Amino acid sequence: MGLFDQLKQGLRKTTQLLNTDIRDLFKAEGRLVDDAVLEELFESLVKTDMGVQAARQIVDDVGAQFRARVVSMDELIGVIRAKLKELLAQPADPIRFAASGPTVIMVAGVNGCGKTTSIAKLTKMFRDRGLRVVLGAADTFRAAAVEQLGIWASRLDAQLVKGQPGSDPASVAHRTVAKALDDGFDVAIVDTAGRLQTQQGLMQQLAKIHRVLGKQVDGAPHEVLLVLDATTGQNGISQAKHFTDAVQCTGIVLAKLDGTAKGGVVVAIRQQVGLPVKYVGVGEQADDLALFEPDSFVDALFA
Amino acid sequence: MFESLQKSLNSAIRTLRGRGKLTEANMRDGLGLVEQALLEADVSLPVVKDFVTRVADQAVGGKVLKSLDPGQQLIGIVYQELQRLMGPVDHSLHLRADGPSVLMLCGLQGSGKTTTCGKLGRLLHERGRKPMLVAADLQRPAAIHQLQVLGEQLGLPVFADLDAQDPVALCQAAVREAKSGVADVVVLDTAGRLHVDDELMQQLGRIDRRVQPEQVYLVVDAMTGQDAVLSAKAFNEALELDGVIMTKLDGDARGGAALSVKHVTGVPVKFVGTGEHLDALEEFHPDRMASRILGMGDVVSLVEQAQRKFDQDEMAAQEERLRKGEFTLDDFKKLLGQTSKLGPMNKVMSMIPGMGQLSDMMGDVDAEKDMKRLRGIVDSMTPDERRNPSRIIDPSRRRRIAEGAGVQPHEVNELVKQFDGIADIMKKMSSMGMRDRMKAMQEMTQGGMLGPGGRIAKQKKGTGKRLTPQERAKQKKLRDREARQRKREKKQQKRQR
Ligand SMILES: Nc1nc2c(ncn2[C@@H]2O[C@H](COP(=O)(O)OP(=O)(O)OP(=O)(O)O)[C@@H](O)[C@H]2O)c(=O)[nH]1
Ligand SMILES: Nc1nc2c(ncn2[C@@H]2O[C@H](COP(=O)(O)OP(=O)(O)O)[C@@H](O)[C@H]2O)c(=O)[nH]1
Ligand SMILES: [Mg+2]
Ligand SMILES: [Mg+2]
């Protein structure tokens, strides 16, 4: 099954939900667009976690265009789709590689959002292209975090750099990149401990890792990926803001999109923080990663 | 956004003031704001709808308490209803007296099951139990090792089998082992799974049937969004949950999912996780959670207290005098007396209509001690002195008062100055509508009228420009209108009695 198919399958439930909701609004050929219709529309958008503000904006647009007219479902969905595409517009945005030398990628996010698994998925993707990968186990805090990444490293034939439990994560990150430089690895990915964006000490620790990487290699880290759990609600906005403030995130990996959660908060994040989504996670296995394409994402929602 | 909920509610339903009763029509905007606030706190939409309907049902027909803004009152109702729906509390683990009890944890991937397993083990051990942790997550790489590390940290046995394939058999084996006497409570750490994964959900059902746990808890991440209703419902249908544990409340997530999950499952939230360390587990309190969801700290509970404790008639009478601009040291003392019943002065100030800003300005002065002292000073004054302090009190009177109250003479002086400052504000505000009161407050804050200790000093100059004749005429009109309104209200009250 191709990546796009996987993504589509992951989004199937969402699509069904959105479509049934909106189809219900239009039993026959069309319906008069009034407050009630707009309110129902608002509700089905809010259910995607895109937030009150984004949903209201879309509904206002639709209202401005169609209020007091009788319209078909296709017309209405066309407008919503266009609006969402406009909101999420971005060129496909895969990992940007360093011009020369190792590409350094740093991965961050709140506790349990899917960082380590996403790293495994990226590693699989690079390995499939024949690239050599070294992983840095800079989560020195959580029990067995190193072992978890170690298992993925051996499954995917990547190198692992680790430190003592409780040791300085920045030094693990440093040794990871040193290893990449010394042994000519193509990609170095640094795993970090989960942390809540409100924990200032831990956010400073993250910034330190970022600084250390920057000193080692020109332009590093080349990517700072924020992993976001697709079941996250409005707190995702706060996460995107604070992590970006601390370590200048370059993009989002939207994990756990294989459930019924819609990950709509990325719409609000795009509006408010400007952070693009690069990849989506659609399962627990190393294969379960797809490139995020806004058009396909929106089309899959309404297909 | 949430800090301002109270303010926007106030302005949305300001027109309500003086109309006496809450109706669906005059609350519509206010309810809309409540709905929005709940959605932004991640309460699931169907739950929000249901909730707002309940609140409307409750609030309609209720009289607007004189001592509160309609907005505050509505928040009070919202707060109480939130609390009620998230209760009643049941922190008991319902352990058996005979034989080992089994607690089972389940939930989505990454919600915090393994950590919570460790936390519960620690809690049980503290209570004199002999817990055993069971590593039944055979899915996630190094999950078994993770639980073993936690067990080691806690000095608790961990039942694990690195070669195990079937979590159902593993759990059964663990319970058998416990029965041999090694433990009296067994905590099962199951693998995270999606509620739409039928196969894995059935597996959970099998564990449930085979080991018949005393309690099954769903572990829910506080950051969960709208999807909370769907996942909680599915877990509840597969397992018949007995409780919920909400994790990661140490961050800034509003945790609206707590209400959603309680709503769809009907089972109590038992504990909350407030950190990664194993001692970060607390009992769940609906009142704290309600404040958190509303994002309003203690304000809501103050509203509640105010509704209970404030002497309504006394307040009404005082407000009346306040509006007329008659404000004496006796009133000042009464105000202090009433407010000290309620708690910290600066918080209480926010309860007085239109005075919220003043409380912000006061910061966190040790107001309680201050108030006792101030009351003592007023008590040592003669009635004449109380009515007209700045004119009558000369140095010899000042010494006498100071001696009587056990303070220094300059403190008497300070009180008189403070009082003059407040009386001044009161007089100014007596002629203003609500919006202007707020504005005046803002101007005063910006003008730095308050001393560094947060004390109110009499203003030397006017708040800015003098009133033009038109403005004065406008204010008189406003005053007259308010007077008429009060008369109408009084009549209405009489009729009701
Ligand atoms: N269904 C599904 N599960 C996922 C996905 N990504 C990660 N997970 C699961 O979510 C759980 C947490 O993932 P981790 O990768 O350990 O998350 P983390 O952010 O590294 O967690 P901490 O290091 O503990 O903060 C694991 O059980 C993963 O298998 C996904 O895309 N879909
Ligand atoms: N900040 C915070 N982190 C938590 C809390 N509970 C669990 N975690 C973290 O969340 C992540 C996932 O927890 P884990 O117990 O492995 O989740 P599981 O996949 O459900 O077993 C880990 O990084 C934990 O340290 C909590 O209450 N607060
Ligand atoms: Mg990890
Ligand atoms: Mg676990």
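Refer to the structure presented above.
Rules used in this analysis
- Residues numbered from 1 in each chain as written.
- Chains lettered and ligands numbered in written order.
- Predicted model: local features only at pLDDT ≥ 70, side-chain atom pairs only at ≥ 80, totals over all residues.
- Helix = DSSP H or I, 4+ residues; strand = E, 2+ residues; numbered from the N terminus.
- Buried ≥ 20, exposed ≤ 12 C-beta atoms within 10 Å, placed from the backbone.
- Contact = placed C-beta atoms within 7 Å.
- Near = placed C-beta within 6 Å.
- Nonpolar A, V, L, I, M, F, W, Y, C, P; charged D, E, K, R; others polar.
- Pairing = 2+ DSSP bridges.
- Axes fitted to C-alpha atoms, helices over the stretch in contact; angles between N-to-C directions.
- Arc of directions from axis to C-beta.
- Core = buried A, V, L, I, M, F, W, Y, C linked by C-beta atoms within 7 Å.
- Parallel < 35°, antiparallel > 145°, perpendicular 65-115°, else oblique.
- Left-handed = near helix turned anticlockwise from the far one by under 90°.

A. Fine view of the overall build of chain B. Helix and strand content of chain B: 23 helices and eight strands. Per-residue burial for chain B yields a buried fraction of 44% across its 497 residues. Contacts in chain B between residues at least 24 apart in sequence constitute 74% of all its contacts with a sequence separation of at least 6.

B. Structural view of the site of ligand 1. Residues in close proximity to ligand 1 total 25 residues, the closest being G114, T117, G194 and G281 of chain A together with Q109 of chain B. More than one chain reaches ligand 1: its neighbouring residues belong to chains A and B. Ranked by residue count, the leading element in the shell around ligand 1 is helix α5 (residues 115-128) of chain A, at three residues. Grouping the constituent residues of the shell around ligand 1 by class yields five nonpolar, twelve polar and eight charged.

C. View of the interface of chain A and chain B. Counting residues at the interface gives 33 residues for chain A, matched by 31 residues for chain B. Within the residue set of the side of chain A that touches chain B, elements represented by two or more residues are α2 (35-46), α6 (145-155) and α9 (235-247) of chain A. The greatest single-element share of the side of chain A that touches chain B, amounting to four residues, is contributed by α6 of chain A. For the side of chain A that touches chain B, a count of residues per class yields eleven nonpolar, 14 polar and eight charged.

D. Seen up close, the sheet that holds strand β2 (residues 131-136) of chain B. All names here are of chain B. In spatial order, the strands read β3-β2-β4-β1-β5-β6-β7-β8; together these eight strands make up an open sheet with mixed pairing. Each edge of the open sheet carries a strand with a single partner, namely β3 (158-159) and β8 (281-283). In the sheet, strand β1 (residues 101-106) pairs with strand β4 (residues 185-190) via five bridges, with the strands oriented parallel. The residue of β4 that forms the bridge with M104 is L188. Of the strands in this sheet, β5 (215-221), β6 (243-247) and β7 (269-273) touch helix α10 (residues 257-265), which is tilted by about 165 degrees from β6.

E. View of unusual backbone geometry. Between A220 of chain A and the following residue, P221 of chain A, the backbone shows a cis peptide bond with an omega angle of -10 degrees. Inspection of the secondary structure puts P221 of chain A in the loop between α8 (200-216) and β7 (223-229). Residues G87 of chain B and P88 of chain B are joined by a peptide bond in cis, for which omega reads -5 degrees. By the secondary structure assignment, P88 of chain B is in the loop between α4 (70-86) and β1. Phi is positive for D49 of chain A, close to 75 degrees, though the residue is something other than glycine. With respect to the helices and strands, D49 of chain A occurs in the loop between α2 and α3 (52-66). Look at D42 of chain B: it is not a glycine, yet its phi comes out positive at around 75 degrees. Given 31 C-beta atoms within 10 Å, D42 of chain B falls into the buried group.

F. Up close: α6 of chain A. Inspection of α6 of chain A places A145, V146, Q148, L149, W152 and A153 of chain A among the buried residues, and these make up the whole buried set. What you see down the axis of α6 of chain A is that its buried residues fit within an arc of 160 degrees, all on one side.

G. Local environment of the nonpolar core. Ranked by internal contacts, the top residues of the largest apolar core, which has 188 residues, are I189 and L254 of chain A together with V134, V186, V187, L188 and V244 of chain B. Aside from chain neighbours lying at most four places away, what touches I189 of chain A is I105, V107, I119, L122, T123, V133, L135 and G136 of chain A. The next biggest cluster of nonpolar side chains, apart from the first, holds 14 residues, and it includes F332, V378, V412 and A423 of chain B.

H. Examining the site of ligand 2 more closely. Surrounding ligand 2, one finds 22 residues, the nearest of these being N111 and G112 of chain A together with G112, T114 and G273 of chain B. Site remark: ligand 2 is flanked by residues from chains A and B. Per element, the largest residue contribution to the shell around ligand 2 is three residues, and it comes from helix α5 (residues 113-126) of chain B. Considered class by class, the residues forming the shell around ligand 2 number two nonpolar, 15 polar and five charged.

I. Local environment of the packing of helix α9 (residues 228-239) of chain B against α10 of chain B. Residues and elements named next belong to chain B. Contact geometry for α9 and α10: axes closest at 9 Å, N-to-C directions at 40 degrees. Comparing their axes, α10 and α9 come out oblique. Like other packed secondary-structure pairs, α9 and α10 cross with a definite hand, here right-handed. Contact residues: A228, V229, A232, K233 and N236 in α9; A257, S260, V261, V264 and T265 in α10. Of the residues contributing to the contact of α9 with α10, the split by class is six nonpolar, three polar and one charged.

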